[in-house]
Amino acid sequence: MTDSNVTRNSVFPMFVGCGRSGTTLFRNVFDSHPEVAITHEAHFVAPMAAKRDRYDGSGGFDSELFVHDLYNDSNFRRQGIDEVDLRAALDSADPRNFAEAVRVVFARFASAQGKRLYGDKTPGSVNHIELIGGIFPETKFVHIIRDGRAVALSYLERPEWGPKNMSQAAQHWKSRVKRGRKGGDAVGASRYREVRYEDMVDDPAAVTSEICDFLGLEYHPEMLSYHQKGESFISSTKDPEAFKNLVKPVTKGIRDWKEQIDADDMVLFESIAGDLLADLGYEVTATPEAQDKIHAAMSAVRWQGKRVQAYLARLVAPRRS
């Protein structure tokens, strides 16, 4: 399989975004397409792409090492791809490089479900759009963006997953969204599309149809019946509680940040990420004066922290004799 075998009609959808933004909802909708199989957080593409020279040696592609690294990753093993079948597929395809081998992996995932096309949903790939897009010219990226205040509340319900407080959550959301948009600029509008989670909730059929058009797929109404397989999907995840709402159809009002977020946390979040919220068209509620006060307080804390670090460094520094 060579890059010339990537036909004009093929597409490799990548659903990306900050965690807790609804990426799994989109994944399940598009995995319900009769022709497309979407992995659930396979995670391996970007990390292995960054070290692809490990496999693309002068003596040819090292399939054995490639397979070893794949199955050493628990996220990949959860995709349910039989190792014996994958080895046979790789032997048959005889990939010459990392990109060709990855296509074999995803094609095997899709064919096991009786489907022709494949895609991936790994939120963290939002940080690696340019890298992945440069290796796979057939990729198209759907960047799901959700109001960062709702994202923050969702994270803080599950602090074992990442941000532990509102400040961290705001910085994390802002960083992920900005990096995704920067990657989108790099690959271009023909391969990158931003979709607001809130728009999906308001009109799921219209948004799903628009994404299908972007990906070159035919829209099928049964895609919105993804929830009928919800229990089976949830039971296969590492954390079923985190995906409990996927047994429901697209539903409004699952989280109302205006009612649930503390007033001080609101100001704190918006002092950090209010500029991005506004740029994305989201409402910003805190006054500029309130945001300025938080900025000043945070700057004072950072300054004091640097003073403490410098003092401690002097205490442990070796003294001159």
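Structure shown above.
Residues numbered from 1 in each chain as written. Predicted model: local features only at pLDDT ≥ 70, side-chain atom pairs only at ≥ 80, totals over all residues. Heavy atoms only, no water.

Visitor: An account of the side chain of Lys115 is requested, with residue identities and associated values reported.
Guide: Relative to the helices and strands, Lys115 is located in the loop between helix 6 (98–111) and strand 5 (117–121). A distance of 3.0 Å separates the side chain of Lys115 from the backbone oxygen of His33, its partner in a polar contact. Within polar-contact distance, the side chain of Lys115 engages the backbone oxygen of Val36 at 2.8 Å. (Helix = DSSP H or I, 4+ residues; strand = E, 2+ residues; numbered from the N terminus. Polar contact = N/O pair within 3.5 Å; in protein donor to acceptor, adjacent residues only side chain to side chain.)

Visitor: Quick one: what's the story with the pairing of strand 5, residue by residue and with numbers?
Guide: For a regular strand, the rule is simple: side chains alternate between the two faces of the sheet. Counted residue by residue, strand 5 has five buried out of five residues, so it is predominantly covered. Here strand 5 shows two buried faces, one formed by Leu117, Gly119 and Lys121 and the other by Tyr118 and Asp120. The sheet contact formed by strand 1 (residues 12–16) and strand 5 spans two bridges and is parallel. Residue pairing in the sheet places Met14 in a bridge with Asp120 of strand 5. Examined bridge by bridge, strand 2 (residues 36–40) and strand 5 share five bridges and lie parallel to one another. The partner of Thr39 across the bridge, within strand 5, is Asp120. (Buried < 20%, exposed > 50% of the residue type's maximum accessible area, 1.4 Å probe, protein only. Pairing = 2+ DSSP bridges.)

Visitor: If you had to explain the pattern of salt bridges to someone new, which residues and values would you point to?
Guide: The tally for this structure, following the rule as stated, stands at 17 salt bridges. Three or more residues joined by partner-sharing salt bridges are found here, namely Lys51, Arg54 and Asp69. (Salt bridge = Lys/Arg side-chain N within 4 Å of Asp/Glu carboxyl O.)

Visitor: Go over the side chain of Thr139 with me, naming the residues and quoting the values.
Guide: Looking at where Thr139 falls in the secondary structure, it is placed in strand 6 (residues 139–145). Residue Thr139 is classed as buried on the basis of its relative accessible area of 0%. Here the side chain of Thr139 touches Arg191 through a polar contact of 2.6 Å, side chain to side chain. Apart from residues lying up to four places away in sequence, Thr139 is in contact with Phe12, Met14, Ile132, Gly133 and Arg191. (Contact = heavy atoms within 4.5 Å.)

Visitor: How would you explain the sheet that holds strand 5 if you had to name every residue and give the values?
Guide: Spatially, five strands are ordered 2-5-1-6-7 in an open sheet, and the strand pairing comes out parallel. Edge strands, defined here as strands with exactly one partner in the open sheet, are strand 2 and strand 7 (192–196). Between one strand axis and the next, the sheet turns by 20° as a mean value, whatever way the strands run. Of the strand pairs in this sheet, strand 1 and strand 6 are connected by five bridges, and their pairing is parallel. Among the inter-strand pairings, Phe15 is bridged to a residue of strand 6, identified as Val142. In this fold helix 1 (residues 23–31) packs onto strand 1, strand 2, strand 5, strand 6 and strand 7, with an angle of close to 150° to the strand it touches most, strand 2. Here helix 11 (residues 204–215) sits on the sheet and contacts strand 1, strand 6 and strand 7; the angle it forms with strand 6, its principal contact strand, is near 155°. (Axes fitted to C-alpha atoms, helices over the stretch in contact; angles between N-to-C directions.)

Visitor: I'd like a rundown of the environment of Val187, residues and numbers included.
Guide: Residue position: Val187 is located in helix 9 (residues 166–187). In the structure, Val187 is positioned 55 residues away from Ile132 in sequence and 9.8 Å away in space, judged by C-alpha atoms. Other than its neighbours up to four places away in sequence, Val187 contacts Ile129, Glu130, Gly133, Phe141 and Tyr192.

Visitor: Before we move on, could you go through the pairing of strand 2 and cite the residues and values that matter?
Guide: Burial within strand 2 is extensive, with five of its five residues counted as buried. What you see with strand 2 is no split at all: Val36, Ile38 and His40 on one side and Ala37 and Thr39 on the other are buried throughout.

Visitor: Could you give an account of the nonpolar core, with specific residues and numbers?
Guide: Core analysis: the largest hydrophobic core is formed by 38 residues, its most contacted members being Phe44, Phe66, Leu70, Leu86, Phe98 and Phe136. Ranked by the residues each element gives to this core, the list is headed by helix 6, at nine residues. Not counting residues up to four positions away in its chain, the partners in contact with Leu86 are Leu70, Tyr71, Phe76, Ile81, Val104, Val105 and Arg108. Val36, Val142, Tyr226 and Leu246 belong to the second-largest nonpolar core, a separate cluster that totals 28 residues. (Core = buried A, V, L, I, M, F, W, Y, C linked by side-chain atoms within 4.5 Å.)

Nothing here speaks to function; it is geometry throughout.
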